[in-house]
Every structure is written in structure tokens, then in C-alpha cells.
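If you want the building blocks of each chain, they are given just below.
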Amino acid sequence: MPAELTGTYVTLDDGRPAVRFSRLYGHPVDRVWHFVTDPDELAGWFPSRAEFDLRPGGAVKFTGDPNMPESHGTVLAVDPPRNLTFDWGGDEIRFDLEDAGPDGTRFTLTHVLGEENTAARNSAGWEVCLAALDAMARGERFPGPHAGVTAPWKEYYQGYLDAGLPSGAPVPGIDA
């Protein structure tokens with residue numbers, strides 16, 4: 001059975017390629033903000049542990065990803081508890097949160113791609129990461145990107161390839 005794909009490949013108004021994902025969580029905005037900005041919460045679903053200095057120009061430190069060395073980024077924009085945008089390895093990641101009814105939040109992740117050929121690979125990775133965030137929001141545990149070679153990304157990757165998303169970038173931990 002093919003994987004259900006939830007990401008969308010888009011071209012932003014400024015011409016940059018991006019992939020976008022949206023989720024609805026039965027938690028207030030402040031709680032979801034905590035999921036996406038607290039280093040301990042983030043470590044449960046994001047590929048790396050990320051520690052933010054939550055101010056424009058603030059530092060971001062990424063650690064703990066077995067497929068990436070420790071790295072640093074910069075907070076590009078922040079409007080607590082609605083938006084966090086940061087640089088990550090030459091790409092731009094944007095978290096947007098909006099009220100969605102009583103105790104509900106719409107979370108949108110936009111990954112602005114530094115290289116278009118990373119769209120299929122990164123979309124597959126975000127599917128796995130967001131499945132872990134979905135489980136965490138329900139009070140469950142799912143290892144997501146931290147499952148190593150058993151992470152269920154291959155089916156998503158094939159689905160995005162079949163959908164025609166740009167591809168060809170090496171897959172960390174698989175390609176040399």
C-alpha cells in the first residue's frame with residue numbers, strides 16, 4: 001500500500017522552491033509553540049536537537065543527528081507564539097501556528113529548499129518527522145527520524161518520486 005503523502009511542492013512568490021506540510025492539533029497555540037521551540041520537545045520529532053536563541057539574528061545550534069555533524073544556524077524571524085523562521089544548512093525552515101477553533105492549532109511547516117533536487121528526499125524525511133510530532137501531540141511515542149535505518153522513509157520517498165518532485169540529491173546515511 002503506497003504511503004499517504006501530505007507534503008506539497010510549491011514555488012514561492014520570490015521563485016524559491018519549497019515543500020509545505022500542514023497539521024491540525026487539538027492543543028492551544030501556546031502548547032504547540034512549545035512542541036516546536038523547546039529543545040527537549042523538539043528532540044522527540046525533529047531530525048536534530050535544536051537550541052534557539054529566540055530573537056531575530058539569534059543563534060541556533062543543531063546536535064544529535066547521526067547523519068549530520070553539529071551545525072549552527074540563525075533565527076531569521078520570530079513572533080511568539082505564531083512564527084519561527086530559521087536557517088538550517090543553507091535552507092530556510094518556517095513554522096507557522098494559527099488558532100483553529102477551541103483549543104486547536106494549525107501548524108504549517110514550510111521548508112524553503114536551497115537546492116531544488118532535495119524536494120523528494122526532504123519531503124520523505126518530514127513525513128517521518130511529522131508522524132513523530134503527530135504521535136507526541138496525542139501523548140504517544142513514535143521514534144520517527146530517530147529510528148535509524150528502520151525509519152519508514154523509503155515508501156514516502158518513492159511516493160514523492162512517483163509524484164514527480166525534484167530529486168537526485170544524496171540521501172544522508174545511504175549515499176556516499
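Just so you know, these numbers come straight off a predicted model, no measurement behind them. (Residues numbered from 1 in each chain as written. Predicted model: local features only at pLDDT ≥ 70, side-chain atom pairs only at ≥ 80, totals over all residues. Heavy atoms only, no water.)

S.K.: Just checking my understanding: could you explain the nonpolar core for this structure?
M.R.: Across soluble globular proteins, nonpolar side chains have a tendency to be buried as a group. One finds Trp45, Phe46, Phe86, Phe95, Phe107 and Trp126 to be the most contacted residues of the largest nonpolar core, which totals 45 residues. With eleven residues, the single largest contributor to this core is helix H3 (residues 119-137). Excluding residues that lie within four positions of it along the chain, Phe107 makes contacts with Phe21, Ser22, Arg23, Tyr25, Val32, Val36, Trp45, Phe95, Asp96, Leu97, Leu130 and Leu133. (Core = buried A, V, L, I, M, F, W, Y, C linked by side-chain atoms within 4.5 Å. Buried < 20%, exposed > 50% of the residue type's maximum accessible area, 1.4 Å probe, protein only. Helix = DSSP H or I, 4+ residues; strand = E, 2+ residues; numbered from the N terminus. Contact = heavy atoms within 4.5 Å.)

S.K.: Looking at this model, I keep getting lost on the side chain of Thr85. Mind explaining?
M.R.: For Thr85, the position within the fold is in strand S6 (residues 83-88). A distance of 3.2 Å separates a polar atom in the side chain of Thr85 from a polar atom in the side chain of Asn83. Those residues in contact with Thr85 that lie beyond four places of it in its chain are Thr74, Val75, Leu76, Ala77, Glu92, Ile93 and Arg94. (Polar contact = N/O pair within 3.5 Å; in protein donor to acceptor, adjacent residues only side chain to side chain.)

S.K.: Which parts of the structure should I look at to understand the UniProt feature "domain: Activator of Hsp90 ATPase homologue 1/2-like C-terminal" (unreviewed entry) in the chain?
M.R.: According to UniProt, the feature "domain: Activator of Hsp90 ATPase homologue 1/2-like C-terminal" (unreviewed entry) maps to residues 27-136 in the numbering used here. The straight-line gap between the two end C-alpha atoms of residues 27-136 is 11 Å; of that span, 28% is helix and 37% is strand. (UniProt positions renumbered as here; feature names shortened; annotations may be inferred.)

S.K.: Explanation requested: the pattern of salt bridges in the structure shown.
M.R.: Working definition: two side chains of opposite charge can pair if their charged atoms are close together. Applying the stated criterion across every chain, the model contains eleven salt bridges. Its salt-bridge partner being Arg23, residue Asp134 comes within 3.1 Å of it at the nearest N-O pair. Note that Asp134 is positioned in helix H3 and Arg23 in strand S2 (residues 17-25), a separation of 111 residues in sequence. You can call Asp134 buried: its relative accessible area is 17%. For Arg138, the salt bridge goes to Glu140, with nearest N and O atoms at 3.1 Å. Here the residues in one salt-bridge network are Asp14, Arg16 and Glu92, joined through shared partners. (Salt bridge = Lys/Arg side-chain N within 4 Å of Asp/Glu carboxyl O.)

S.K.: Hey, could you run me through unusual backbone geometry in this one?
M.R.: Note the cis peptide between Pro80 and Pro81, where omega equals -10°. Relative to the assigned elements, Pro81 resides in the loop between strand S5 (71-79) and S6.

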